[in-house]
Amino acid sequence: MSNKTITMIRKELIDAARDKRSVMAGLYYAVGAPLLMCGMFFMLIGQLTSPEDLNININNPQGAPDLVKYLSSKGITHGKNEDQVEGEKVDTKDILLIISDDYASNMAKGISAEVTLVADASNEKLQKSIRRLEKRLQQYSAEMGSLRLIARGIDPRVMQPIKLNVEDQATPDSKAGMILGIATMTMIYAVFISGMNLAIDTSAGERERNSLALLLSHPVSTSQIVISKIVAVTLFGMIGLLLTLIVSKFAYSFVPWQELGFSVSVNSRFIGMMMLIGLPVAIMAACLQLFVSFLAKSFKEAQSYLTIVLMLPMMLAMAASYDIAPETLQWLPVSGQLQALIEFIKGRELPGMQLAISSLITLAISAALAFGMQKSLKSEKIVFGL
Amino acid sequence: MIQVSNLSKRIGDVQALNDLSFSALDGQITGLLGPNGAGKTTCLRTVFGLLKPDNGFAEIDGINIAKSPVAAKQQLGLFPDPFGLYERLTPREYISYFAELNGLSRSDAKHATSSVIEKLHLADIADRQCKGFSQGQRMKTALAQAIVHQPTNIVLDEPTRGLDVMSTRVLRDILRDLKNQGHCVLFSSHVMQEVAALCDQVIVMAEGRVVAVGSPDGLCQQTGKASLEDAFIQLIGTDEGIAA
């Protein structure tokens, strides 16, 4: 790299470091994104691990004390629970279970005892609770049926012509695929967000402030200018990525992963791997954002273009984490690296070939964009906005 | 020396330059005088290779700008319009940045910057960020950038615009100094007094063409007018776009 290029990189970095907007853009994301992710994981864990007690109304509970006891042992209680502190507000679901007056006598006679479930089935929020109650009632009914058969000397298994055995092959880590995908995606997206403001400032901003024409009237080649800008923006992206990883390392250690059955541990090996794999993505992010910003006539125009353009890597990343069409996506930028990282975090072997090819494609796209930029800086239309 | 031969350039529907030829010699101040829209800025941008002429060429010290842009630009210093300052850099950083871009080593650039800061009396603002500078301070910073690497040719685009009397005087003194050191100074202007006070040679431009060339006195004699202003109006045939 020539002295002039180094001089320009140094100037770009000094200029950028003094630009509050550029620095804050990276910082906000680096601190904000991992914390938001943590908040999401906490919510998710809360929902997955402790099904809350379901409070319903039961009419005539004394008619079927055994059923009521069975339900409450499964966490479905009538009105107020004994464990609950007096005066605490109880969230009673709008579900009514009516036990018929002749329940006890019918049960004793060995004929069907009637229980009526009253609820609004169109209410989405009640669906889960209704299904849970139905399932428990059926289980209780089956249990009673078996007891009756045994009392009559019949093996209850005659009532089960098919015995279904389900073997779930999913390991805790593979179940975690989507969550891991989202977590990794927010990390790698840092290279796009952190360098974005600088990319706009140093291209569209530079022209808006009329310093681009001045720079071009000095004895530097357009490729030197383009390279220095790419290096500066890439560096910003990588610093943003590193910060995001460091914040994630601390934030994720507070998430009670054991309750999910898998863990996302951001250790130094992962950070190193992420930085290495993220580098081509950061270079491409820099090239893409600079290219688009150079085409825009003003800072504002560049901002609105970039918001749209940044949907593209976002979609690639989403597709990778949701496992949509993984066959082609594994060769593409962002999604390819992301899939490799997810494999790595799951503790599997890194798909070397796939990663190498997608990284090469990423770099090839970067080179094409850099070449386009270098050409565009020779165009009067671009430089003077004619 | 800056030599421009048969330059033609069309921008959109406007023939901005129309077979323009002139030369600006070393050790002289050459003024490019013309009404607004005469093609002065287009001409200077073509000299720097920022615009490609449809026809003709520009040479800096005999180097064709289109063929070897980097070598040709090495011989040029530009005082642009608008200034194009980096607001977050201090003048010292700004000046030495451009010195380094012109091939000076880091330490040489520092020395050159210090001496140009002294020369232009910039010391009091040299280490403050350019944001919020007055027009005069901006002018001095931009000028320092143009001359820090001691180019043989210095090109100034409308240098006195928006300057007060003191700043204008500083600028004039600097330009005369440069001339006496043997530099070639080329500036564009539409201000008569400026041109009359400074120039050894005046190139009168209108509609992208050279209308007349000569010293201020020579132009007056040629047209038989007493002042350069009257001579100018006589030459371009209208008084549109002229500042007295």
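Everything numeric here is computed off the predicted structure, so don't read it as measured data. (Residues numbered from 1 in each chain as written. Chains lettered and ligands numbered in written order. Predicted model: local features only at pLDDT ≥ 70, side-chain atom pairs only at ≥ 80, totals over all residues. Heavy atoms only, no water.)

**A word on the overall build of chain B**
What counts here: Helix numbers and strand numbers start at the N terminus; a helix is a DSSP run of H or I with at least 4 residues, a strand a run of E with at least 2. For the radius of gyration, the atom set is restricted to C-alpha positions; the globular benchmark scales as 2.2 Å times the number of residues to the power 0.38. For each residue, the accessible area found with a 1.4 Å probe, counting protein chains only, is set against the maximum for its type, and the residue is called buried under 20%, exposed over 50%, and partly exposed in between. Here the accessible surface of atoms and residues is derived via Shrake-Rupley with a 1.4 Å probe, and residues count as covered only by protein chains that are part of the display.
The helix and strand inventory of chain B stands at nine helices and ten strands. A compact globule built from 244 residues should have a C-alpha radius of gyration of about 18 Å, and chain B, at 18 Å, falls within 12% of that. Summarising its shape, the C-alpha atoms of chain B cover approximately 50 × 40 × 35 Å along the three principal directions. Burial status across chain B gives 53% buried among its 244 residues. Carbon and sulfur atoms make up 46% of the accessible area of chain B, which amounts to about 10,000 Å² in all.

**Observations regarding the pattern of salt bridges**
Residues and elements named next belong to chain B. The cut-off we apply is this: Basic side-chain nitrogens of Lys or Arg form a salt bridge, by our definition, when they fall within 4 Å of a carboxyl oxygen of Asp or Glu.
Inspection of the entire model under this criterion finds 20 salt bridges over all chains. A salt bridge links E194 to R172, with the shortest nitrogen-to-oxygen separation between them at 3.2 Å. Taken as a pair, E194 in helix α7 (residues 192-198) and R172 in helix α6 (residues 165-180) lie far apart in primary sequence, 22 residues in all. Look at R172 and you get partly exposed, because its relative accessible area is 23%. Close ionic contact of E207 with R209 constitutes a salt bridge, the shortest N to O distance being 3.6 Å. Taking relative accessible area as the criterion, R209 reaches 40% and is therefore assigned partly exposed.

**Describing the sheet that holds strand β10 (residues 209-214) of chain B**
Residue and element names in this part refer to chain B. The cut-off we apply is this: Two strands pair if DSSP finds at least two bridges between them. The convention used is that axes are lines fitted to C-alpha atoms, helices contributing only their stretch in contact, and that angles between N-to-C directions extend from 0 to 180 degrees. Any two residues whose heavy atoms approach within 4.5 Å are treated as being in contact.
One open sheet holds the six strands; their spatial order is β6-β7-β8-β3-β9-β10, and the pairing between them is mixed. Looking at the sheet topology across the chains shown, the edges are occupied by β6 (76-79) and β10. Here the average twist between neighbouring strands, direction ignored, is 15°. Across five bridges, strand β3 (residues 29-33) lies against strand β8 (residues 184-189) in parallel orientation. Pairing of G31 across the sheet is with F187, part of β8. Relative to the sheet, helix α8 (residues 216-223) contacts β9 (201-206) and β10, its axis offset from that of β10 by approximately 105°.

**A look at unusual backbone geometry**
The omega angle of the peptide bond from D81 of chain B to P82 of chain B is -5°, so this bond is cis rather than trans. Checked against the element boundaries, P82 of chain B lands in the loop between β6 and α3 (91-101). Unlike most non-glycine residues, N210 of chain A shows phi in positive territory, near 65°. Mapping N210 of chain A onto the fold places it in the loop between α9 (204-208) and α10 (211-216). The exposure class of N210 of chain A is partly exposed, given its relative accessible area of 32%. With phi around 55°, D19 of chain B is a residue other than glycine that occupies positive phi space. Mapped onto the elements of the fold, D19 of chain B is located in strand β2 (residues 14-24). The exposure class of D19 of chain B is partly exposed, given its relative accessible area of 45%.

**Quick word on the interface of chain A and chain B**
This is how the line gets drawn: Three classes are used, and their members are as follows: Ala, Val, Leu, Ile, Met, Phe, Trp, Tyr, Cys and Pro are nonpolar, Asp, Glu, Lys and Arg are charged, and the others, Gly among them, are polar.
Between chain A and chain B, the residue contacts involve 27 residues of the former and 31 residues of the latter. At the boundary of chain A and chain B, one finds six salt bridges. For R88 of chain B, the salt bridge identified is with D19 of chain A, shortest N-O distance 3.7 Å. Breaking the side of chain A that touches chain B down by element, the ones donating at least two residues are α1 (3-17), α10 and α18 (380-384) of chain A. At seven residues, α1 of chain A tops the list of elements feeding residues into the side of chain A that touches chain B. Each residue belonging to the side of chain A that touches chain B can be placed in one class, and the counts come to ten nonpolar, six polar and eleven charged.

**Considerations on the packing of aromatic side chains**
Our working definition: Stacked, tilted and edge-to-face pairs are distinguished by plane angle, under 30 degrees for stacked and over 60 for edge-to-face with tilted covering the rest, among Phe, Tyr and Trp rings (Trp via its six-membered ring) whose centres lie within 6.5 Å. Charge-over-ring placement is defined geometrically: NZ (Lys) or CZ (Arg) within 6 Å of the ring centre, and within 35 degrees of the ring normal.
Tallied over the full model, the rule gives ten aromatic pairs over all chains. Measuring from ring centre to ring centre gives 5.1 Å for Y70 of chain A and Y140 of chain A, while their planes differ by 45°; the resulting arrangement is tilted. With Y70 of chain A in helix α3 (residues 65-73) and Y140 of chain A in helix α5 (residues 124-151), this pair connects stretches of sequence that are 70 residues apart. Considering the side-chain rings of Y86 of chain B and Y97 of chain B, the 6.1 Å spacing of their centres and the 70° angle between planes classify their relative orientation as edge-to-face. On the criterion of sequence distance, the pair formed by Y86 of chain B in the loop between β6 and α3 and Y97 of chain B in helix α3 is long-range, its members being eleven residues apart. Given a relative accessible area of 3%, Y97 of chain B falls into the buried group. Site record: aromatic cluster; members linked through ring pairs are Y86, Y94, Y97 and F98 of chain B. Directly above the aromatic system of Y86 of chain B lies the positively charged group of K11 of chain A, at a separation of 3.5 Å from the ring centroid.

**Some details on the environment of Y103 of chain A**
All names here are of chain A. With respect to the element layout, Y103 can be found in helix α4 (residues 103-109). Separated by 241 residues in the primary sequence, Y103 and F344 have C-alpha atoms spaced 59 Å apart. Setting aside chain neighbours within four positions, we find Y103 in contact with G63, A64, L67, A113, E114, V115 and Y140.

**Remarks on the sheet that holds β2 of chain B**
All names here are of chain B. Strand order in the open sheet made by the four strands is β2-β1-β4-β5, with antiparallel pairing throughout. Two strands bound the open sheet, and with one partner strand each, they are β2 and β5 (63-64). Judged from the seven bridges that link them, strand β1 (residues 2-11) and β2 form a sheet pairing that is antiparallel. Within the sheet, the bridge partner assigned to L7 lies in β2 and is L20.

**As for the environment of M1 of chain A**
Residues and elements named next belong to chain A. Counting through the fold element by element, M1 comes out in the segment before α1. With relative accessibility at 68%, the residue M1 sits in the exposed group. For M1, the contacting residues outside a window of four places in its chain are I6 and I9.

**What to know about the nonpolar core**
Stated formally: Joining through side-chain atoms within 4.5 Å is the link that ties buried Ala, Val, Leu, Ile, Met, Phe, Trp, Tyr and Cys residues into a set, and such a set is a nonpolar core.
Core analysis: the biggest nonpolar cluster contains 105 residues, and I2, L156 and L175 of chain B have the highest contact counts within it. Excluding residues within four positions of it along the chain, L175 of chain B makes contact with I29, L156, V185, F187 and L198 of chain B.

**Considerations on the domain arrangement of chain B**
Residues and elements named next belong to chain B. Which entries qualify depends on this criterion: Domain borders in the structure are assigned automatically or taken from a domain database. When two parts are brought into contact, each loses some accessible area as probed by a 1.4 Å sphere; the total of that loss over both is the buried area.
Each domain of chain B was delimited in the assignment, giving domain 1 (1-75 + 151-244) and domain 2 (85-150). Across the boundary between the two partners, domain 1 contributes 17 residues, which contact 13 residues of domain 2. Contact between domain 1 and domain 2 buries roughly 1,200 Å² in total, counting both sides, with carbon and sulfur atoms accounting for 68%. On the domain 1 side of the interface with domain 2, the three residues burying the most area are Q74, P151 and I174, jointly 38% of the side's total. Applying the counting criterion to the domain 1 and domain 2 interface returns zero salt bridges. Considering every element that reaches the side of domain 1 that touches domain 2, the biggest residue donor is α6, with five residues. Of the residues assigned to the side of domain 1 that touches domain 2, the class counts are nine nonpolar, six polar and two charged.

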